[in-house]
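Examining the three-dimensional arrangement
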Amino acid sequence: MIPGGKSPSRPERALTVLSQGSREVGQSGRRVYQLQSLSQPVTQQQMHGQMGHYITADSAFGGAGQRAVLISPDLELLEWSCIRLVYQITGSGSLKVYVRPEGESFDYLLWSALDPSDNWLIASIDLRNTTNKYKIVFVASPGQKPAQSVAIFEILVVPGYCVECNFEEHHLCGYMNYWNPNVNWYVGGSTIQDGQSDLPDDHTMNNERGHYMYVDSVYAKHFQEVAQLTSPMTTTTISGCLSFYYQRDQAKGNVFTVFTRDRMGHYEEIWKPDIYAKLMWKLVKVDIKAPHPLAVVFEVAFNSAKGGYVAIDDISFSPEFCNTETEPFFDPSVANCDFEEDFCQYYQEQTEGSVWNRVSVTPNVYRVGDHTTGSGSFLLANTRLISRQGYVGRLYGPYLPGSLMYCLRFYYALHGFIKTNSTLAVYIYDENNVVQEKVWTVSESPMGSWIQVEISYQKPMPTQVVFVSICKDFWDCGFLTLDDITVSLGDCRISADRFSCPPGECDFEVDNCGYIQDEKDSSNWIRKRGQTPTSYTGPNGDHTTGVGYYMYIEASPMISGHNARLLSNELRGFLHQQCLVFFYNMYGSGTGLLSIYLKKEGQREEVLLWRRRGEQSISWLKGLVEYKCDRNHQVSSLE
């Protein structure tokens, strides 16, 4: 718990930042909101050489599963802003930061940390501008062993983007130097000026009292000694104009380059000086356009100890592109299709016949329906719907611009194939109908389950995705189905690396997402993957990927009157209509009753929202429930 806070009976312990613990201070003409705790003083740990206070959640004050929650006052930031957070995790534990919009039921995860440290660390968290009020919520979960804690020393909310910095503050805006034994980035300005120094004055204040960052070759010992200065990783996508000032003494040889780096460690060069510049501060403007979080990397390589120096200052960012000819993000959703209405922008060559057919299957216990809803449409390729023996079927997608990284996702299912070789493959074609690359082919996979596939690809020219199915012999061919094709910008692994599920969603791939069992029930829900243990019951795989996790209850040993309840987290009330979306599978002769209830805070009686009885289908079926509730509540599933 948080020292000095109250101890509610509920596991979640909340403390709102007190007004007398907040103050507004001036900084370089900006308004900076500083929330300081009023708890115990720093004893052995010091921040930047000064004694101060910090707020902590310690394992000694709480039991298993308890959390400490710190809530900011209401914020209404009309401009893009940045949270500078100084924190420390001792031992095991986690710290998460959420945004809580006014009038919404869910908190949105902005940032999280799990790694322990012996020192104070600084995190930079982007806050998008909005006209709605919201709160910032800090959730600390210390480990259960003795002397494990999560502490916060300082919280600053400053206008501007987190990549911006004039290097006048001690935290350096979260910029990090990657240590090299010989060449590193240092703080320049008043701390290093002397009569013999040839380093420049600061650009911000245009005098020797200001600060900037510089790297010098004086200690370089090897060819191509490299120093890197890296901005904080953005916590959301940004696009616009990056500006900075630099000064470069390159008479004796150095290479100065600016990159962006994504979460997977991929570098992309965005700027390099083309001509020799005079020893004066020079402004650079370069466009950044990325569909994923990134860091900006300033890199200098020296050829020798006489390679001069490079200095940078006053990094800023604008959402408007520097170059008016820079095109905005391309929206690849033109290539999305769930085949519920038609083929969208996908087509077949007329010379090959209609190998791919759009079909729908009425949900029943013998045939699997589509992936989208369980009762909709999908594509089917098989020889029984065409006249000739065997087939080659190509399904062409729309053309997409080149030089962009795409993430292609789709679902397929196999039924009755004796041989799976060449059953389905994905190719990338160029505008001349020439194959550029075979990016995926089916391998051995479970029969009868919708399996998700993710493919990342990038080509310099405009391309299209082509799904190719080949069956050479009638007796080897079964049914091949295809559904829910989506294309997004960026590497699939980066989007998958983001926080496990959006607020209010759970796919059970990582854990139960806070859903809990009712201890009074006679049976329990179980998190499982694959088939259920009883034959001719349950699904062959989960709905999310086909090979992932889902929650199920074994109905075979249950008798009349037995039930099992799965409860959501407590949800805040909302004035408008809400929609609960879920997928369910009720297959097996002993299947009972599945009900969805609304449990309002302060009321014992529950409201029935939805119900199904008995065997429904071998497929995963989509459930939709609309409800309205203006007070805190929970949603429960009862079997």
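Residues numbered from 1 in each chain as written. Predicted model: local features only at pLDDT ≥ 70, side-chain atom pairs only at ≥ 80, totals over all residues. Heavy atoms only, no water.

As recorded by an unreviewed UniProt entry, the protein chain carries the name MAMC2 protein and is attributed to Polyodon spathula.

**Some points on the overall build of the protein chain**
Tallying secondary structure elements over the protein chain gives 1 helix and 40 strands in all. The contacts of the protein chain with a sequence gap of at least 6 include a subset with a gap of at least 24, amounting to 77%. Carbon and sulfur atoms make up 49% of the accessible area of the protein chain, which amounts to about 32,000 Å² in all. (Helix = DSSP H or I, 4+ residues; strand = E, 2+ residues; numbered from the N terminus. Contact = heavy atoms within 4.5 Å. Areas by Shrake-Rupley, 256 points an atom, 1.4 Å probe, with all protein chains shown as cover.)

**A short note on the environment of Y87**
You can see Y87 is positioned in strand β6 (residues 81–90). A sequence separation of 35 residues divides Y87 from I122, and the C-alpha atoms of the two residues are 6.4 Å apart. The contact partners of Y87, leaving out residues within four places of it in the chain, are L95, W111, A113, N119, W120, L121, I122, A123, A151 and I152.

**What about the nonpolar core?**
Within the largest apolar cluster, 35 residues are counted, with the highest numbers of intra-cluster contacts made by Y175, W185, F244, F256, F298 and I312. Of all the secondary structure elements, the ones that give two or more residues to this core are β14 (211–216), β15 (225–230), β16 (239–249), β17 (254–261), β19 (282–289), β20 (295–302) and β21 (309–318). Those residues within four positions of I312 in sequence are excluded, and the remaining contacts are F167, W185, Y212, M213, L229, Y245, Y246, F256, W281 and F298. In terms of nonpolar packing, the next biggest core, distinct from the first, is built from 34 residues, C337, V355, W440 and V453 among them. (Core = buried A, V, L, I, M, F, W, Y, C linked by side-chain atoms within 4.5 Å. Buried < 20%, exposed > 50% of the residue type's maximum accessible area, 1.4 Å probe, protein only.)

**Focus on the sheet that holds strand β26 (residues 405–415)**
Ordered in space as β23-β24-β31-β26-β29, the 5 strands form an open sheet in which the pairing is antiparallel. The open sheet is flanked by β23 (356–360) and β29 (451–458), the only strands paired with a single partner. The sheet shows a mean angle of 35° between the axes of neighbouring strands, taken without regard to direction. Of the strand pairs in this sheet, strand β24 (residues 377–381) and strand β31 (residues 479–489) are connected by 3 bridges, and their pairing is antiparallel. Within the sheet, the bridge partner assigned to L379 lies in β31 and is L482. (Pairing = 2+ DSSP bridges. Axes fitted to C-alpha atoms, helices over the stretch in contact; angles between N-to-C directions.)

**Digging into unusual backbone geometry**
Although it is not a glycine, F339 adopts a positive phi angle of roughly 60°. A positive phi angle, near 60°, is found at F508, a position not held by glycine. Within the secondary structure layout, F508 lies in the loop between α1 (492–497) and β32 (516–517). Note on F508: relative accessible area 15%, which makes it buried.

**Details of the pairing of strand β9 (residues 121–127)**
Most of β9 sits inside the fold, with 5 of its 7 residues counted as buried. By the bridge criterion, 7 bridges tie β6 to β9 in an arrangement that is antiparallel. What sits directly across from C82, in β9, is D126.

**As for the sheet that holds strand β30 (residues 463–471)**
What holds strands together in a sheet is hydrogen bonding between their backbones, with the strands either parallel or antiparallel. Ordered by their spatial adjacency, 5 strands build an open sheet running β22-β25-β30-β27-β28, and the pairing between neighbours is antiparallel. Only two strands of the sheet have a single neighbouring strand rather than two, namely β22 (347–348) and β28 (435–441). Looking at chain direction, strand β25 (residues 391–396) and β30 are connected through 6 bridges and run antiparallel. Among the inter-strand pairings, Y396 is bridged to a residue of β30, identified as V466.

**Description of the pattern of salt bridges**
Tallying each qualifying case throughout the model produces 8 salt bridges. Between K272 and E269 there is a salt bridge, with its nearest N and O atoms 4.0 Å apart. The exposure class assigned to K272 is partly exposed, which follows from its relative accessible area of 40%. With relative accessibility at 45%, the residue E269 sits in the partly exposed group. The partner of R493 in a salt bridge is D491, and the shortest N-O contact between them spans 3.1 Å. Under the relative-accessibility criterion, D491 is labelled buried at 6%. The network of salt bridges with common partners includes R100, D107 and R572. (Salt bridge = Lys/Arg side-chain N within 4 Å of Asp/Glu carboxyl O.)

**Here's the deal with the environment of G308**
Locating G308 in the fold gives a position in the loop between β20 and β21. Exposure remark for G308: the relative accessible area of 13% places this residue in the buried category. In sequence terms G308 and R248 are 60 residues apart; their C-alpha atoms lie 7.6 Å from each other. Residues within four places of G308 in sequence aside, it is in contact with V215, D216, S217, D249, N254 and F302.

**Here we look at the state of the cysteines**
Think of a disulfide as a covalent bridge from one cysteine sulfur atom to another cysteine sulfur atom. On inspection of all chains with the given rule, the structure shows 6 disulfides. Linked covalently through their sulfurs, C165 and C173 form a disulfide whose S-S length is 2.1 Å. The disulfide joining C165 to C173 has a torsion of about 75° about its S-S bond and is therefore right-handed. A relative accessible area of 7% means that C173 is categorised as buried. Put simply, C337 and C344 are joined by a disulfide, and their sulfur atoms are 2.1 Å apart. Where C337 bonds to C344 through sulfur, the torsion about that S-S bond is close to 75°, and the disulfide is right-handed. Residue classification places C344 among the partly exposed positions, given a relative accessible area of 38%. (Disulfide = S-S within 2.5 Å.)

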